[in-house]
Amino acid sequence: MKSQEFLETASKGSITAIKCGTLIDGRGGKPVKDAVVLIEGNRIGKVGTQDRVKAAPHAEMVDCSRYTLMPGMMDLHIHTAMYNCMSFHNHRVAQFEIMPHLQQMYALFHAQNCFDMGFTTLRDLGMNGPRGLLVNEMCAVREAINMGIIEGPRMLIAGFTTMTGSHLDLIQPRAMYRWGFNTADGPWELRKLARLNLLAGCDVIKTCASGGGGTDKEEPDIRNMTQEELDAIVDEAHALHKHAAVHCFTTQAQRMAMKAGADTIEHMVFHDDETIDMIVEAGVPVTPTLSHRTDHAIELRRELGTADFVLRKMKYLQPFCFETFRKMHKAGVKIAMGTDMGFEPHMGTNAAELEIYVKLGMKPMDAILTATRNAAQALKREHELGTIEAGKLADLIAVDGDPLKDIACLQKKPNIKLVMKEGKVYADRRPGKNKNVVNVKPGEWKIADYL
Ligand SMILES: [Zn+2]
């Protein structure tokens, strides 16, 4: 037997050793039984089997020997400031009853719910309201978390940068008076809007190259913006070393996004084989957002007062989305998990997206990779996130269950026993522990609109 490895302790801060029953490290290989992960400060030190890797005697031991340890999950397409069904009865009323300041509080609350459920990174793809874009509010949520004054996941915030009458403009009622500079037209005006969003501190520019699904009186297959406008927006994001996420339903939009150099393609929805091949060739990650397409999602929208036109449109889109996902997966498109959660389903159960992938033919391990390694790659942060490997930030979760046999186990809060971000434990629901990020339960809080 090779000599046992002992961790040096000198001047590296706190050391934690997590023993687990099974380790899924996020690299796609075979799970490792009886593993240990050593954490020095906020980073992973060593990883291996318990007979090979030993913690120093003074290391804090965290016993997860009954659980599966895996990287913290990431949702790359979420709208935490949306009028959520957990917090509002009717989104159309909420749009005019809720001040942006309260929307900001809900964004934090929703993010914390996801964090409590094992989502250590969220890429929030933005929101607006009758008083304009919520970039400042969302960046403040991110900053407060980063400063450590409130608990929450790592957040990357997007600023909407779209044309007048775009899909994202139509989140707001069509007849609502629009004031302020929230949409723009022409490459230079759009550059200005992008620059203002970047000035506010956003990490990502979110834009639309086509129509969409969840908004009133808008056909999903229309074009949003010209190539020249899209090029300008993506170029502006890249000039400041930020990313551009492009909402694309049509193959025309997908091709426009690739031509512009988009960092991620959102949704897909429609496809043709040639465009899928181009996406594989270009290596652009796609976030499919299928949670948003289920019958369950449509029913939740109905309960929230969504117009019948939209519900019919969502039902019409459903088979296209599922078929496109199958084709993309088969063709080898790099899929990074995103839910498009906002209204639905309940915030925190984001891993429902993975169950849909598995039902559509993806292996459970590959589904887990979409929310870990692939997501980190899509964010271009694979050097520090996405897998449990030496040197990476210690974002990990312990799960009571085997997600490779039952991917749905990731959707139940009692199963998520431990949530660690950057070496710090934020949720600990192991026997004898009762540490949660969010301590109120669904049903215990009041609904915020006034029906
Ligand atoms: Zn979205």
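Residues numbered from 1 in each chain as written. Predicted model: local features only at pLDDT ≥ 70, side-chain atom pairs only at ≥ 80, totals over all residues.

## Observations regarding the overall build of the chain
To keep things clear, this is the line we draw: Each helix is a run of DSSP H or I of at least 4 residues and each strand a run of E of at least 2, with the numbering of both proceeding from the N terminus. In this description the radius of gyration comes from C-alpha coordinates, and the expected globular size is given by 2.2 Å times residues to the power 0.38. Neighbour density around each residue's C-beta defines its exposure: 20 or more other C-beta atoms within 10 Å make it buried, 12 or fewer make it exposed, and counts between make it partly exposed, where C-beta atoms are placed from the backbone. Contacts here follow a simple rule: the backbone-placed C-beta atoms of the two residues must lie within 7 Å.
Of the regular secondary structure elements, the chain holds twelve helices and 18 strands. For the chain, the C-alpha radius of gyration of 22 Å lies close to 22 Å, the compact-globule estimate for 451 residues. Over its C-alpha atoms, taken along the principal directions, the chain stretches across nearly 70 × 50 × 40 Å. Counting all 451 residues of the chain, 53% fall into the buried class. Sequence separation of 24 or more characterises 72% of the internal contacts of the chain that already satisfy a separation of 6 or more.

## What to know about the sheet that holds strand 15 (residues 286-287)
Heads up, the condition is: Two strands make a pair as long as DSSP finds a minimum of two bridges between them. Axis geometry follows a simple rule: fit a line to the C-alpha atoms, using only the stretch in contact for helices, then measure angles between N-to-C directions, giving values from 0 to 180 degrees.
Strands sit in the order 7-8-11-12-13-14-15 across an open sheet of seven strands; the sheet is parallel. Where the open sheet ends on each side, the last strands, each with one partner, are strand 7 (73-78) and strand 15. Sheet topology note: the strand 13 (residues 243-248)/strand 14 (residues 264-267) ladder contains four bridges and is parallel. Looking at strand 14, one finds that Cys248 is bridged to His267. Lying over the sheet, helix 3 (residues 135-147) contacts strand 8 (119-124) and strand 11 (154-160), oriented at roughly 170° with respect to strand 11.

## Description of the packing of helix 8 (residues 295-303) against helix 9 (residues 308-331)
To keep things clear, this is the line we draw: Oblique is the label for any angle not covered by the other classes, which are roughly parallel (under 35 degrees), roughly antiparallel (over 145) and roughly perpendicular (65 to 115). Polarity classes work like this: nonpolar for Ala, Val, Leu, Ile, Met, Phe, Trp, Tyr, Cys and Pro, charged for Asp, Glu, Lys and Arg, and polar for all others, with Gly in that last group.
Packing of helix 8 against helix 9 brings their axes to within 10 Å, and their N-to-C directions diverge by 175°. Taken together, helix 8 and helix 9 sit at an angle that is classed as roughly antiparallel. Taking contact as the criterion, the partners of Ile298, Arg301 and Arg302 in helix 8 are, on helix 9, Leu311, Met314 and Lys315. Residue classes in the contact of helix 8 with helix 9 are distributed as three nonpolar, no polar and three charged.

## Thoughts on the sheet that holds strand 6 (residues 60-71)
Pairing within the open sheet is mixed, and its seven strands lie in the order 4-3-2-6-16-17-18. Sheet topology places strand 4 (43-49) and strand 18 (424-428) at the edges, where each strand pairs with a single neighbour. Neighbour-to-neighbour, the strand axes of this sheet turn through a mean angle of 35°, independent of strand direction. Bridge count between strand 16 (residues 396-399) and strand 17 (residues 416-421): four bridges; the pairing is antiparallel. The residue bridging Ile397 from the neighbouring strand is Val419, located in strand 17.

## A short note on the domain arrangement of the chain
One frequent convention defines the size of an interface as the accessible area lost when the parts assemble. Definition in use: Each domain's limits were defined by an automated method or a database of domain assignments.
Domains assigned within the chain are domain 1 (5-71 + 386-428) and domain 2 (73-378). Computed from C-alpha atoms alone, the centre-to-centre distance between domain 1 and domain 2 is 30 Å. Facing the 22 residues of domain 1 at the interface are 25 residues of domain 2. Mapped onto the side of domain 1 that touches domain 2, the elements with two or more residues apiece are strand 6, strand 17 and strand 18. The biggest single contributor to the side of domain 1 that touches domain 2 is strand 17, with three residues. The residue inventory of the side of domain 1 that touches domain 2, partitioned by class, reads 13 nonpolar, five polar and four charged.

## Re helix 9
The condition is simple: Expected span of a helix, by definition, is 1.5 Å for each gap between consecutive residues, and there is one gap fewer than residues. In this scheme, the bend at a residue equals the angle between the axes fitted to the seven residues that finish there and the seven that begin there.
Taking 1.5 Å per residue, 24 residues should reach 34 Å; helix 9 reaches 35 Å between its end C-alpha atoms and fits that length. The sharpest bend along helix 9 comes to roughly 30°, located at Leu317, with the proline Pro319 sitting one to four residues further on. What helix 9 keeps buried is the set Lys313, Met314, Leu317, Cys321, Thr324, Phe325 and Met328. Structurally, helix 9 contributes buried residues whose contacts are with helix 7 (273-282), strand 15 and helix 8. Trailing helix 9 by a residue or two, Gly332 shows a phi angle of about 95°, which is positive.

## Quick word on unusual backbone geometry
The phi torsion at His267 lies on the positive side, around 80°, for a residue other than glycine. Residue position: His267 is located in strand 14. Overall, the presence of 29 C-beta atoms within 10 Å leaves His267 in the buried class. The backbone phi angle of Met268 is positive, close to 75°, even though this residue is not glycine. Mapped onto the elements of the fold, Met268 is located in the loop between strand 14 and helix 7. Looking at Met268, the number of C-beta atoms within 10 Å reads 28, which means it is buried.

## Digging into the confidence of the model for the chain
Reading predicted coordinates in detail is not appropriate for stretches of low pLDDT. Selection criterion: The predictor reports its confidence for every residue as pLDDT, a score running from 0 up to 100.
Per-residue pLDDT for the chain averages 94, and the proportion of residues at 70 or more is 96%. Long-range and interchain partners of residues 1-11, a stretch whose pLDDT sits below 50, account for 17 contacts in this model, where long-range means more than four residues apart.

## Here we look at helix 2 (residues 100-116)
Across its 17 residues, helix 2 extends 24 Å between first and last C-alpha, which sits within 8% of the 24 Å expected from 1.5 Å per residue. Here helix 2 lies mainly inside the structure; twelve of its 17 residues are buried. Within helix 2, burial applies to Gln103, Gln104, Tyr106, Ala107, Leu108, His110, Ala111, Gln112, Asn113, Cys114, Phe115 and Asp116. Directly beyond the C-terminal end of helix 2, a positive phi value near 100° is found at Gly118.

## What to know about the nonpolar core
To be explicit about the condition: Defined on buried residues, the nonpolar core groups Ala, Val, Leu, Ile, Met, Phe, Trp, Tyr and Cys residues joined through C-beta atoms within 7 Å.
Formed by 131 residues in total, the largest nonpolar core has its most connected members in Val37 and Leu69. Ranked by the residues each element gives to this core, the list is headed by helix 2, at six residues. Structurally, this core is a two-domain feature, drawing no fewer than three residues from each of domain 1 (5-71 + 386-428) and domain 2 (73-378). If we skip the residues at most four places from it in the chain, Val37 touches Ile18, Ile44, Val47, Leu69, Ile388 and Leu396.

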